[in-house]
Amino acid sequence: MTLVPCRACGHQVDTSALACPGCGATDPGRSISRQQRDLRILAVQIVLGLVIFVGVGSVVWKQVEPMVAQLTSKAAAGH
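All residue numbers here refer to positions counted from 1 along the written sequence of the relevant chain. Residue-level local features of this predicted model are given only where pLDDT is at least 70; pairs of side-chain atoms are given and counted only at 80 or more, and the full residue set underlies all totals for whole chains, interfaces and linings. To obtain the side-chain values, all non-hydrogen atoms of the structure were included, while hydrogens and water were left out.

1. Brief notes about the overall build of the protein chain
Piece 1. A count of helical and extended segments in the protein chain gives 1 helix and 2 strands.
Piece 2. Judged by the C-alpha coordinates and their principal axes, the protein chain covers about 80 × 20 × 15 Å.
Piece 3. The buried share of the protein chain, taken over its 79 residues, is 11%.
Piece 4. The long-range share in the protein chain, meaning contacts at least 24 apart out of those at least 6 apart in sequence, stands at 8%.
Piece 5. Taken as a whole, the protein chain presents about 6,300 Å² of accessible surface, with 66% of it coming from carbon and sulfur.
Piece 6. The positive count covers Lys and Arg only, the negative count covers Asp and Glu only, and His and the chain ends enter neither. Note on charges: their place is set at NZ of Lys, CZ of Arg, CG of Asp or CD of Glu. Of the side chains in the protein chain, 7 bear a positive and 4 a negative charge, and the two mean positions are spaced by 6 Å. What counts as a helix is a DSSP run of H or I of at least four residues, what counts as a strand is a run of E of at least two, and both are numbered from the N terminus. Throughout, exposure labels follow a simple rule: accessible area from a 1.4 Å probe, protein chains only, divided by the maximum for the residue type, with under 20% read as buried, over 50% as exposed, and the rest as partly exposed. Residues are treated as being in contact if the distance between any of their heavy atoms lies within 4.5 Å. To be clear on the numbers: accessible area is Shrake-Rupley with a 1.4 Å probe, and residue cover counts the displayed protein chains and nothing else.

This is the structure:
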């Protein structure tokens, strides 16, 4: 049983405690709250999603661009 100060109020709590007996904070033995941890995970997921989206979009555009250029040049020559 290791005691650490609660991250919210400083009351000594067990590291496995689900709530602080002094203030009721959840996960009082952890250095960051569950909400902060979830927010960080969400931010990482958003960044990775954007990187994947841009990467796939770039690959697709490189394949589609020649076709678009060919179609626009034919349309311009036809008018």
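2. So, the nonpolar core
Piece 1. Buried Ala, Val, Leu, Ile, Met, Phe, Trp, Tyr and Cys residues form a nonpolar core when they are joined through side-chain atoms within 4.5 Å. Among the nonpolar cores identified, the biggest contains 5 residues, and these are Val-4, Cys-6, Val-13, Cys-20 and Ala-25.
Piece 2. Sequence-distant contacts of Cys-6, defined by excluding residues within four places in its chain, comprise His-11, Val-13, Cys-20, Cys-23, Ala-25 and Pro-28.

3. Quick notes on the environment of Ile-41
Piece 1. Tracing the sequence through the fold places Ile-41 in helix α1 (residues 34-78).
Piece 2. Residue classification places Ile-41 among the partly exposed residues on the basis of a relative accessible area of 43%.
Piece 3. Each C-alpha atom of the pair Ile-41 and Pro-28 lies 20 Å from the other, and the pair is 13 residues apart in sequence.

4. Topic: unusual backbone geometry
Piece 1. The phi dihedral of Asp-27 is positive, around 45°, even though this residue is not glycine.
Piece 2. Turning to its location among the elements, Asp-27 is positioned in the loop between β2 (12-14) and α1.
Piece 3. The class for Asp-27 is buried, based on a relative accessible area of 7%.

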